Amino acid sequence: MHTRPATPDDAAAIVAIYGHYVLHSYATFDLEPPPVGAWQARIAQARPEDGHHVLVAEADGAVVGYAYSGTWRDRAAYAGTVEVSAYVRDPGRGLGRALYSRLFDLVDAGPAHRSVAGIALPNDASVRLHERFGFRHVGTFSEVGRKFDRWWDVAWYERRPPAAGTAHRGAGEDRSR
């Protein structure tokens, strides 16, 4: 398995992975999978100079997961904060760790002052993944997302980049480019 920057040609595979979560999980509050064109545009508009990246994990030539960092809020004052997320085809195989390891190599080398992540609860695996990379819980909004005929809480986590010259937590995973 290796990670690499996504290309617009990866959009269909990303939509297939994400679409499963949209249709069968409360991990995202999208109610319909986005069109492939939306992901093609997101990939094409990723701005590494602003800390915005879209990565994919490949195994045996197939995309098996993706992670991204992007705009948290549209207001200019939030430009130093990125929101991150990762989705994988087969959870529990270390793909999320590998993707985040590479993603934070890139984010930490760039201009981002903070990374944030929202996690619909309960989701112990996602909480553990984020804590492994130095995220800390900063608050929970109760019953803010409605899906599958019920309300879900969302916990918010933030991460400061590590001090210069120190490796981020979660290091040691596959960092192939």
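Residues numbered from 1 in each chain as written. Predicted model: local features only at pLDDT ≥ 70, side-chain atom pairs only at ≥ 80, totals over all residues. Heavy atoms only, no water.

**Side note on the pattern of salt bridges**
We count it as follows: When a carboxyl oxygen of Asp or Glu is within 4 Å of a side-chain nitrogen of Lys or Arg, the pair counts as a salt bridge. Note on classification: 1.4 Å probe, protein chains only; a residue is buried when its accessible area is under 20% of the maximum for its type, exposed when over 50%, partly exposed between these limits.
In total, this model carries eight salt bridges according to the counting rule given. Residue D50 pairs with R47 through a salt bridge whose shortest N-O separation is 2.6 Å. On the accessibility criterion, R47 (33% relative accessible area) is partly exposed. One connected set of salt bridges, linked through shared partners, spans R4, D10 and E58.

**Focus: the packing of helix 3 (residues 95-109) against helix 4 (residues 124-132)**
The criterion, for reference: For helices, the fitted axis covers only the stretch in contact; all axes are lines through C-alpha atoms, and the angles between them, taken along N-to-C directions, range from 0 to 180 degrees. Here a strand is any run of E in DSSP of at least two residues, a helix any run of H or I of at least four, and the numbering for each starts at the N terminus. Definitions for this section: a left-handed crossing has its near helix turned counterclockwise from the far helix by less than a right angle. A right-handed crossing has that turn clockwise. Any pair of residues with heavy atoms lying within 4.5 Å of one another is described as a contacting pair. All residues other than Ala, Val, Leu, Ile, Met, Phe, Trp, Tyr, Cys, Pro, Asp, Glu, Lys and Arg, Gly among them, are scored as polar; the first ten of these are nonpolar and the last four charged.
Here helix 3 crosses helix 4 at 35°, and the two axes come no closer than 11 Å. The hand of the helix 3/helix 4 crossing is right-handed. The residues of helix 4 that touch helix 3, namely those facing G96, R97 and Y100, are L129, H130 and R132. Classifying every residue of the contact of helix 3 with helix 4 by side-chain character gives two nonpolar, two polar and two charged.

**Description of the nonpolar core**
The criterion, for reference: Definition of nonpolar core: a set of buried residues of the types Ala, Val, Leu, Ile, Met, Phe, Trp, Tyr and Cys, connected through side-chain atoms within 4.5 Å.
Core analysis: the largest hydrophobic core is formed by 39 residues, its most contacted members being I14, W39, Y66, V84 and Y100. Discounting residues that sit within four places of it in the chain, W39 has contacts with A11, I14, V15, Y18, P34, V54, Y66 and Y68.

**Concerning helix 4**
Test applied: Summarising the geometry, the arc corresponds to the directions from the helix axis toward the C-beta atoms.
Residues S126, V127, L129 and H130 constitute the buried set of helix 4. Along the axis of helix 4, the buried residues cluster in a sector spanning 160°; they form a single face. Seen from the open side of helix 4, the exposed residues pointing more than 90 degrees away from its buried face are D124 and R128. Looking at the packing, one finds that the buried side of helix 4 touches helix 3, strand 5 (114-121) and strand 7 (150-159). Two residues or fewer after helix 4 comes G134, characterised by a positive phi angle close to 90°.

**Looking at the side chain of R114**
Definition in use: Pairs of N or O atoms are called polar contacts if they sit within 3.5 Å, as long as, within protein, a hydrogen donor faces a hydrogen acceptor (for residues adjacent in sequence, only side-chain-to-side-chain pairs).
Topologically, R114 is positioned in strand 5. Its relative accessible area of 17% is what places R114 among the buried residues. Reaching out from R114, the side chain makes a polar contact with the side chain of H113 at a distance of 3.3 Å. Those residues in contact with R114 that sit more than four places away from it in its chain are G80, T81, V82, E158, R159 and R160.

**A closer look at the packing of helix 1 (residues 11-24) against helix 2 (residues 36-45)**
The contact between helix 1 and helix 2 brings their axes to 8 Å, and the two run at 115°. Like other packed secondary-structure pairs, helix 1 and helix 2 cross with a definite hand, here right-handed. Contacts between helix 1 and helix 2 pair A11, A12, I14, V15 and Y18 from the former with V36, W39, Q40 and I43 from the latter. Partitioning the contact of helix 1 with helix 2 into residue classes produces eight nonpolar, one polar and no charged.

**Looking at the sheet that holds strand 5**
Neighbouring strands of a sheet are bound in pairs by backbone hydrogen bonds; such pairs are parallel or else antiparallel. This is how it is decided: Paired strands, in this sense, are two strands between which DSSP finds at least two bridges.
As summarised here, the arrangement of the seven strands in space is 1-2-3-4-5-7-6, forming an open sheet in which the pairing is mixed. In this open sheet, the two edge strands, each paired with only one partner strand, are strand 1 (2-5) and strand 6 (136-147). Between one strand axis and the next, the sheet turns through 25° on average, direction left out of account. Looking at chain direction, strand 5 and strand 7 are connected through seven bridges and run antiparallel. Across the sheet, residue A117 finds its bridge partner in strand 7, namely Y157. Against the sheet, helix 1 touches strand 2 (53-59), strand 3 (62-71), strand 4 (81-88) and strand 6, its axis set at about 80° to strand 3.

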